[in-house]
Amino acid sequence: MNDLKLGDKIFTSRLFTGTGKFSSNEVMKEAIEASGSELVTMALKRIDIEDENDNMLQHLQIPGVNLLPNTSGVRNAKEAVFAAQLTREALETNWLKLEIHPDPKYLLPDGEETLKAAEELVKLGFHVLPYVQADPVLCKKLEEVGTAAVMPLGSPIGSNNGLQTIDFLKIIIEQSNVPVVVDAGIGAPSHAAAAMEIGADAVLVNTAIAVSPNPVEMAKAFKMAVEAGRMAFEAKLAERSMGANASSPLTAFLEDLD
Amino acid sequence: MSFYNEIQKYNWEEVKDQIYSKTTDDVKRALQKEKIDLHDFQALISPAGTEYLEIMAQKSMHLTQKRFGKCIQMYIPLYISNSCTNTCVYCGFNCKNEFERKILNRSDLIDEAKEIKKLGFEHILLVSGEDQKRCGSAYISEMMDTIKDDFSLISLEAQPLEVDEYEKLTHKGLHTVYIYQETYNESNYKKYHPAGKKSNFQFRLETPDRLGQAGVHKVGLGCLLGLEDWRVDSFFTALHLQYLEKTYWKSKYSISFPRLRPHTGGFQPNYETSQKDLVQLITAYRLFNHHVEISLSTRESEQFRDNMLKLGATSFSAGSKTNPGGYSNKEESLEQFSINDDRSPAEIAEMIQSKGYEVVWKDWDNFMQL
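Scoring rules and cut-offs
Residues numbered from 1 in each chain as written. Chains lettered and ligands numbered in written order. Predicted model: local features only at pLDDT ≥ 70, side-chain atom pairs only at ≥ 80, totals over all residues. Heavy atoms only, no water. UniProt positions renumbered as here; feature names shortened; annotations may be inferred. Helix = DSSP H or I, 4+ residues; strand = E, 2+ residues; numbered from the N terminus. Buried < 20%, exposed > 50% of the residue type's maximum accessible area, 1.4 Å probe, protein only. Contact = heavy atoms within 4.5 Å. Buried area = accessible area lost by both parts, 1.4 Å probe. Salt bridge = Lys/Arg side-chain N within 4 Å of Asp/Glu carboxyl O. Axes fitted to C-alpha atoms, helices over the stretch in contact; angles between N-to-C directions. Parallel < 35°, antiparallel > 145°, perpendicular 65-115°, else oblique. Left-handed = near helix turned anticlockwise from the far one by under 90°. Nonpolar A, V, L, I, M, F, W, Y, C, P; charged D, E, K, R; others polar. Phe/Tyr/Trp six-rings, centres within 6.5 Å; stacked < 30°, edge-to-face > 60°. Lys NZ or Arg CZ within 6 Å of the ring centre and 35° of its normal. pLDDT = per-residue confidence, 0-100.

Enquirer: For this particular structure, what's the right way to read the UniProt feature "active site" (unreviewed entry) in chain A?
Expert: Residue and element names in this part refer to chain A. Following the UniProt record, the feature "active site" (unreviewed entry) maps to Lys97 here. On the secondary structure map, lysine 97 appears in strand β6 (residues 95-98). Judged by relative accessible area, lysine 97 falls into the buried class, the value being 2%. Excluding its chain neighbours within four sequence positions, the residues that come into contact with lysine 97 are Thr41, Leu68, Pro69, Asn70, Thr71, Leu129, Tyr131, Met151, Asp183 and Leu204.

Enquirer: Sorry if this is basic, but what is going on with the interface of chain B and chain A here?
Expert: By convention, interface size is frequently given as the accessible area that disappears when the constituent parts associate. The interface is formed by 30 residues belonging to chain B together with 34 residues belonging to chain A. Of the roughly 2700 Å² buried between chain B and chain A on both sides combined, carbon and sulfur atoms contribute 55%. Where chain B meets chain A, there are two salt bridges. Across the salt bridge formed by glutamate 245 of chain B and lysine 105 of chain A, the nearest N and O atoms sit 2.6 Å from each other.

Enquirer: Whenever I open this one, the environment of glycine 229 of chain A confuses me. Can you help?
Expert: All names here are of chain A. Of note, glycine 229 is situated in helix α9 (residues 215-235). C-alpha separation for the pair glycine 229 and serine 37, spaced 192 residues apart in sequence, amounts to 16 Å. When near neighbours in sequence (up to four residues on either side) are disregarded, glycine 229 contacts Ala193, Met196 and Glu197.

Enquirer: What is the right way to look at the packing of helix α5 (residues 53-68) of chain B against helix α13 (residues 275-288) of chain B in this model?
Expert: Helix-helix packing is characterised by the crossing angle of the two axes and by the distance between the axes. Residue and element names in this part refer to chain B. Put simply, α5 and α13 touch, their axes get as near as 9 Å, and they point 45 degrees apart. Between α5 and α13, the interaxial angle falls into the category oblique. Remark: the crossing between α5 and α13 carries left-handed chirality. Across the interface between the two elements, Leu53, Met56, Ala57, Lys59, Ser60, Leu63, Thr64 and Phe68 from α5 touch Lys276, Val279, Gln280, Thr283, Ala284, Arg286 and Leu287 from α13. Classifying every residue of the contact of α5 with α13 gives eight nonpolar, four polar and three charged.

Enquirer: Hey, could you run me through the packing of aromatic side chains in this one?
Expert: One pair of aromatic rings is described through two measures. These are the centre distance and the angle between the planes. If you walk through the whole model with that rule in mind, you get 19 aromatic pairs over all chains. Between the aromatic rings of phenylalanine 41 of chain B and tyrosine 285 of chain B, the centroid separation amounts to 5.1 Å while the plane-to-plane angle is 45 degrees, which identifies the pairing as tilted. One end of the pair, phenylalanine 41 of chain B, is in helix α4 (residues 38-44); the other, tyrosine 285 of chain B, is in helix α13, with 244 residues separating them in the sequence. Of the two residues, phenylalanine 41 of chain B and tyrosine 285 of chain B, both sit in the buried class. Ring centres of phenylalanine 257 of chain B and tyrosine 285 of chain B lie 5.6 Å apart, and the angle between their planes is 55 degrees; on these two criteria the pair is classed as tilted. Taken together, the residues span a long stretch of sequence, with phenylalanine 257 of chain B in the loop between β6 (252-256) and α13 and tyrosine 285 of chain B in helix α13 at a distance of 28 residues. Taken individually, phenylalanine 257 of chain B and tyrosine 285 of chain B each receive the classification buried, so the pair is uniform in this respect. Taken together, the aromatic side chains of Phe3, Tyr10, Trp12, Tyr184, Phe235, Phe236 and Tyr243 of chain B make up a single cluster linked through ring pairs. Of note, lysine 97 of chain A hangs over the ring of tyrosine 131 of chain A, and the distance from its end group to the ring centre comes to 5.3 Å.

Enquirer: What exactly am I supposed to notice about helix α1 (residues 25-35) of chain A here?
Expert: Note: α-helices contain 3.6 residues per turn, so residues at a spacing of three or four share the same orientation. For α1 of chain A, every residue scored as buried is listed here: Asn25, Met28, Ala31, Ile32, Ala34 and Ser35 of chain A. Check the buried side of α1 of chain A and you find it contacts β3 (15-18), β4 (39-43), α2 (55-59), α8 (207-210) and α9 of chain A together with β9 (358-360) of chain B.

Enquirer: Before we go on, may I ask you to explain the confidence of the model for chain B in this structure?
Expert: In low-pLDDT segments, the atomic positions of the prediction should not be examined closely. Model confidence for chain B is summarised by a mean pLDDT of 93, while 98% of its residues fall at 70 or above. For this predicted complex, the interface confidence reaches an ipTM of 0.75, while the overall pTM sits at 0.87.

Now the structure itself:
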């Protein structure tokens, strides 16, 4: 399988994971290790960025794992840019998952504010990975302002409803010049495999692993599914077809022409 | 327009009849739906619903875990004043109770904050009685300034304020405001709140509207269970929640369940709410709203809280004192109510972990809001 180049890094794993909703930081760490993930997102609001001994950060010191801080909780571009700058100073990373959701109920992303913040953060030297609606036009605009990737949602975050936006994801994947990471809504390994089969560069999975009665086994299952899906994509899937080939070809008459 | 206009469309007695006439078929139908409406909610909190508690509890646990994970957030109340100009018949701070009143100053507050920090808390709830002259928004703002560098999330439970006051406090770092309606029964409200500013039903009822207009991040609702029929009051709380979520969609909401308990002397609940009732109520709210935060305070007993942990709750208080100065404890002062779970925060954290849940001390930072 091909490696994934994202920003200034190369990833062998195409499964990105999250850190929320786990029953303990120990379980979280074990699950991340089992997933083989090399990029893990965590909410700034959950950690004490000034405390080197922060319990969650301690548990995320895993060899080969890069941290992707996210701005979950901010409601507009101004707050996102401010939080990002503080984080860069404290955690010494340019990587940022940009999440702006003014709606705390469904945590749906605000495209307008996200574009505004992305443009500013790129200029400030961040590798921006924006969480957005599966909106092909917005994804192109984000690419134009220089984001490292786009992260369209499969269905509402935490819903485990799979790829409800699949038609739009296909357009985004077709049109994009930056990696496409399907984020949010992936509730089963089969959803992750499906996203990879249609050509997503990576997926981000959190709830489905964290809330499973056995997060470690579930993390392994997602690892395998993402690998299988990617392998299938690279090997090229056979065309789907319901019927047999016609026995009387419509163009046979061409052979009878002079 | 406010929720006061909305509530005029409903009649207390009619709502009560609707709830009490729900049948087991109504309950079964509600339990089969993915998304339930206010009619289904009535069925779940109805007497017919009491036979389905186990199913409701199972569903509530799964929905809560899916949305919030296996996590419980921790907070602690810090009473800054017990001075009050109201005469609420059920409350220890009633101004007719002849006790010496205590209003913390900056230095008292610093002492309190120091003790609380030792316990591990990052989320703090400032609580005050209603004394607009001595403990108005300027005083609250001063208290917030004093401790804002020590805590990552500051909440407030005090008298209702105006929109511009909430705006100013929010800019200073206020995150959440809890404002309990006590009861939605307008005609009986005055019986419990005979004098003082709190006797104005409409002003109190419209407080969450003002909070939404001011852009406060989280609004806490609830009624005092025991004043009126809890089934009816809970319907109106659900109606309020639904109205607020649609109108002020940028705010988060939480519900609390303060429950009056029969005790010797003082005010006796008119309608007792049992622990079983509370299970029905909390799980019904979760089925009705998958996203609302549910808070359980130390008013409830150790055994009850330990068991409710998985059934829908998302945040717990621990080690609470309900009197100003209670943590640094220089002198005795009047407490608002006595608590029923007096374990230390460390003991409660241990219990939460032993149930396979993560204790979340911090889930916000002042720098997230500008």
